[in-house]
There are 2 protein chains.
Amino acid sequence: METPVETTRERLLNVAEQRFGEGGYEGTSLRAITVAAAANIAAVNYHFGSKEALLRAAVARAMAPVNTERRRRLDQLEAGGPPTPEELIRAFIEPGLELVLRRGERGAVVARFIGRIAFDPSRRIRDLYAAESDPIESRYLAALQRALPQASPDAVAFGYMNMLGLLALHQSQALSPTPGAAGSGGAVSTEDPGKLAENLVTFLVAAFDRGLRT
Amino acid sequence: METPVETTRERLLNVAEQRFGEGGYEGTSLRAITVAAAANIAAVNYHFGSKEALLRAAVARAMAPVNTERRRRLDQLEAGGPPTPEELIRAFIEPGLELVLRRGERGAVVARFIGRIAFDPSRRIRDLYAAESDPIESRYLAALQRALPQASPDAVAFGYMNMLGLLALHQSQALSPTPGAAGSGGAVSTEDPGKLAENLVTFLVAAFDRGLRT
DNA sequence: GCATAGTTCAAACGGTCGTTTGAACTGGAG
DNA sequence: CTCCAGTTCAAACGACCGTTTGAACTATGC
């Protein structure tokens with residue numbers, strides 16, 4: 001088996017999503033990234049052009065398989081009869097959690113990266129994430145509206161935003177309490193990605209079914 | 001009416017929660033804060049000691065009335081019969097949204113500040129928020145467990161974390177879409193704080209009632 | 001051999017960061 | 001008035017930031 005040599009570009013992307021996921025965009029320096037990636041600082045500007053362009057490339061690479069899987073599931077659902085709310089929620093949540101958490105340690109890094117960037121304090125950074133999931137968003141909204149005809153467009157959008165936000169929070173692992181905190185002794189949902197996805201779907205299905213007024 | 005002269009310390013706290021709420025901790029410089037507050041840079045270290053201590057003081061001041069109101073509501077609920085899940089959820093959500101959003105423009109700034117800090121990318125910053133709402137958290141968890149005896153402790157903690165996360169996301173206004181985005185044309189929930197609180201409570205009550213397995 | 005395009009490198013650029021210093025100002029107490 | 005604690009100030013500290021430069025290295029094609 002030939003050694004799959006990682007290019008400098010790949011190492012930069014790998015380290016970038018790890019570090020950006022830990023400290024956020026502003027809280028992570030290019031020097032910290034390039035040192036960890038065993039690359040020269042100038043390599044960032046050579047391969048990507050700027051710090052923000054590096055982030056953009058990392059977001060695009062991380063979101064690509066998630067978007068592909070979501071599109072595939074939506075196509076499949078719409079090929080059959082009109083999908084139920086639960087089927088639509090599954091088609092959104094599971095690609096975001098399972099596809100990314102199932103493959104060991106590295107998947108958790110990618111998930112945390114996506115979840116953090118989605119709710120970065122800076123609007124400009126959040127928009128980088130939004131731009132990557134933009135086209136599929138209106139498809140979900142339309143499908144949810146058809147599956148929930150009694151709910152107003154505002155209510156559907158409200159539910160969709162809550163779903164998106166909760167997913168991002170679990171991806172970013174920001175909901176796991178501080179190890180030394182007074183509350184529960186940890187392990188809220190970090191045990192098994194599959195179980196987390198199942199719990200989150202159940203939670204959201206109940207909320208969508210009876211929690212969307214007007 | 002005598003002029004209520006703002007002290008330098010107060011102006012620093014006011015501007016800090018505004019700027020930290022916009023750009024996050026790492027993305028906001030002390031110089032940006034002190035210029036907007038018409039104060040000298042050294043005033044921060046004189047009155048607070050460091051940038052992080054300024055943030056800590058701002059978080060404490062912003063959370064104080066919310067925590068007080070939550071305690072008051074919990075006391076009142078536990079004085080009567082065993083509270084329902086809806087009553088507990090209201091006692092958590094409404095102090096976080098109404099108490100802070102009802103008083104005009106300034107309340108929205110405080111809410112955004114709290115919501116942003118609660119999910120700052122840096123663990124150390126998030127812990128500053130957690131430390132401020134620490135003692136009341138176990139009270140809520142215990143009360144929720146009593147109100148939902150059929151749910152496991154893990155499930156209750158899962159629901160509580162989702163509630164806390166969704167509240168913070170709405171407080172931070174991170175769920176309002178980009179003005180120019182493809183999705184809904186904005187106004188997901190920004191219309192009226194009271195309506196937002198009502199929608200969020202309804203959403204969460206449904207999720208707690210039928211969405212917590214095991 | 002030589003030329004060439006692609007990549008890496010050490011070093012430096014100007015700028016901004018949080019923090020510190022020591023002097024200047026302020027207003028009430030003795 | 002003098003004194004003094006409390007506060008504000010301009011200026012500078014060293015460190016780190018993202019970005020740029022221009023030379024050095026690498027590998028492939030002729």
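Every chain is numbered independently, its residues counted from 1 as its sequence is written. Here chains are named by letter from A upward and ligands by number from 1 upward, in the order in which they appear as written. Totals for whole chains, interfaces and linings use all residues, but because this is a predicted model, local features are given only for residues with pLDDT of at least 70 and pairs of side-chain atoms are given and counted only at 80 or more. Values reported for side chains reflect all heavy atoms of the structure, with hydrogen atoms and water molecules removed beforehand.

Within an unreviewed UniProt entry, the label attached to chain A reads TetR family transcriptional regulator, and the organism entered is Kribbella rubisoli.

**Observations regarding the protein's contact with DNA strand D**
With respect to spatial proximity, 15 residues lie near DNA strand D, and among them A:Ser29, A:Arg31, A:Lys51, B:Thr8 and B:His47 are the closest. Per the 4 Å cut-off to the protein, sugar and phosphate atoms form 48% of the nearby atoms of DNA strand D. Measuring from a phosphate oxygen of DNA strand D, one finds a side-chain N or O atom of A:Lys51 at 2.8 Å. A distance of 3.2 Å is found between a base nitrogen of DNA strand D and a side-chain nitrogen or oxygen belonging to B:Asn40. Among the secondary structure elements, those contributing two or more residues to the surface near DNA strand D are helix H2 (30-36) and helix H3 (42-47) of chain A together with helix H3 (42-47) of chain B. Taken together, the residues that form the surface near DNA strand D break down as five nonpolar, seven polar and three charged. Throughout this document, a residue counts as near a molecule or strand when at least one of its heavy atoms sits within 4 Å of that molecule or strand. Two N or O atoms count as a polar contact when they lie within 3.5 Å, although within protein this holds only if one can serve as hydrogen donor and the other as acceptor, and sequence-adjacent residues are included solely when both atoms are side-chain atoms. Segments assigned H or I by DSSP are reported as helices when at least four residues long, segments assigned E as strands when at least two residues long, and all are numbered from the N terminus. When residues are grouped by polarity, Ala, Val, Leu, Ile, Met, Phe, Trp, Tyr, Cys and Pro land in nonpolar, Asp, Glu, Lys and Arg in charged, and all others, Gly among them, in polar.

**Points about the packing of aromatic side chains**
Ring pairs are drawn from Phe, Tyr and Trp, using the six-membered ring of Trp, whenever the two centres fall within 6.5 Å, and their geometry is named by plane angle: stacked under 30 degrees, edge-to-face over 60, tilted for the rest. Here the structure, examined in full by the defined rule, presents ten aromatic pairs over all chains. Ring centres of A:Phe92 and A:Tyr140 lie 5.1 Å apart, and the angle between their planes is 90°; on these two criteria the pair is classed as edge-to-face. You can see A:Phe92 sitting in helix H5 (residues 85-101) and its partner A:Tyr140 sitting in helix H8 (residues 134-147), a full 48 residues away along the chain. The rule is simple: take the accessible area with a 1.4 Å probe, protein chains only, and divide by the maximum for that residue type; under 20% is buried, over 50% is exposed, in between is partly exposed. By relative accessible area, which is 0% here, A:Tyr140 ends up buried. A centroid spacing of 5.9 Å and a plane angle of 85° characterise the contact between A:Phe203 and B:Phe158, whose relative ring orientation is edge-to-face. Of this pair, A:Phe203 sits in helix H10 (residues 193-210) while B:Phe158 sits in helix H9 (residues 153-171), which puts the two residues in different chains. The same class applies to A:Phe203 and to B:Phe158, which are both buried. An aromatic cluster is present here, built from A:Phe92, A:Tyr140 and A:Tyr160 joined pairwise through their rings. The rule is short: NZ of Lys or CZ of Arg within 6 Å of the ring centre and within 35 degrees of the ring normal puts a charge over the ring. Cation over ring: A:Arg70 sits above A:Phe92, and NZ or CZ is 3.9 Å from the ring centre.

**Some words on the relation of the copies chain B and chain A**
For these two chain copies, the linking operation is a rotation about an axis paired with a shift along it. Here the copies are matched by least squares. The fit uses the C-alpha atoms of residues with pLDDT of at least 70 in both. For the pair chain B and chain A, the relating rotation is 180°, the translation along its axis is 0.0 Å, and the fit reaches an RMSD of 0.0 Å. This pairing of chains is accounted for by a two-fold axis. Residue B:Ala207, judged by its C-alpha, is the member of chain B lying nearest the rotation axis, at 2.2 Å. Throughout, a residue-residue contact means that at least one pair of heavy atoms, one from each residue, lies within 4.5 Å. By residue overlap, the copies meet face to face through one surface: 98% of the interface positions of chain B are interface positions in chain A.

**Looking at the pattern of salt bridges**
Proximity of charged atoms lets side chains of opposite charge pair with each other. Residues and elements named next belong to chain B. A carboxyl oxygen of Asp or Glu within 4 Å of a side-chain nitrogen of Lys or Arg is what we treat as a salt bridge. Here the structure, examined in full by the defined rule, presents 26 salt bridges over all chains. A salt bridge links Arg106 to Glu17; its shortest N-O distance comes to 2.1 Å. Taken as a pair, Arg106 in helix H6 (residues 104-118) and Glu17 in helix H1 (residues 8-23) lie far apart in primary sequence, 89 residues in all. For Glu17, a relative accessible area of 1% translates into the label buried. Measuring nitrogen to oxygen at the nearest pair gives 3.7 Å for the salt bridge that ties Arg112 to Glu22.

**With respect to the environment of B:Gly107**
Residue and element names in this part refer to chain B. In this structure, Gly107 sits in helix H6. Gly107 sits in the buried class, given a relative accessible area of 3%. When near neighbours in sequence (up to four residues on either side) are disregarded, Gly107 contacts Val100 and Leu101.

**Here we look at the environment of A:Gly165**
With respect to the secondary-structure elements, A:Gly165 resides in helix H9 (residues 153-171). The exposure class of A:Gly165 is buried, given its relative accessible area of 0%. Not counting the four nearest positions on each side in its chain, A:Gly165 is found in contact with A:Phe119, B:Leu169 and B:Leu175.

**Here we look at the side chain of A:Thr28**
Residue and element names in this part refer to chain A. Looking at the secondary structure, you find Thr28 in the loop between helix H1 (8-23) and H2. Classification of Thr28 as buried rests on a relative accessible area of 6%. Not counting chain neighbours up to four residues away, the residues in contact with Thr28 comprise Arg19, Phe20, Gly23, Ile33 and Lys51.

**Describing a positive patch on the surface**
Patches here are clusters of residues that have more than 30% relative accessible area and form no salt bridge, with a 9 Å joining cutoff for like charges and a 5 Å cutoff for nonpolar side chains (Val, Leu, Ile, Met, Phe, Trp, Tyr). All accessibility values rest on the Shrake-Rupley procedure with a 1.4 Å probe; residue burial counts only the protein chains present in the view. His is not counted, nor are the chain ends; Lys and Arg add positive charge and Asp and Glu add negative charge. Each charge is placed at NZ for Lys, CZ for Arg, CG for Asp and CD for Glu. Taken together, the side chains of A:Arg210, A:Arg213, B:Arg210 and B:Arg213 define a basic patch exposed on the protein surface. When you line up the elements, B:Arg213 lands in the segment after helix H10 (193-210).

**Digging into H6(B)**
With 15 residues, H6(B) extends 22 Å from end C-alpha to end C-alpha; this agrees with the ideal 21 Å at 1.5 Å per step. With twelve of its 15 residues buried, H6(B) lies for the most part within the structure. Against helix H7 (123-132) of chain A together with H1, helix H4 (51-79), helix H5 (85-101), helix H7 (123-132) and H9 of chain B lie the buried residues of H6(B). A helix is expected to span 1.5 Å for every residue after the first.

**Topic: the protein's contact with DNA strand C**
Taken together, 15 residues form the shell around DNA strand C, and within it A:Thr8, A:His47, B:Leu30, B:Arg31 and B:Lys51 come nearest. For DNA strand C, the fraction of atoms within 4 Å of the protein that belong to sugar or phosphate moieties is 47%. With respect to DNA strand C, the side chain of B:Ser29 contributes an N or O atom lying 3.0 Å from a phosphate oxygen. Secondary structure elements with two or more residues in the surface near DNA strand C: H3 of chain A together with helix H2 (30-36) and H3 of chain B. When residues in the surface near DNA strand C are grouped by element, the largest group, three residues, is from H3(A). Its residues assigned to classes, the surface near DNA strand C comprises five nonpolar, seven polar and three charged.

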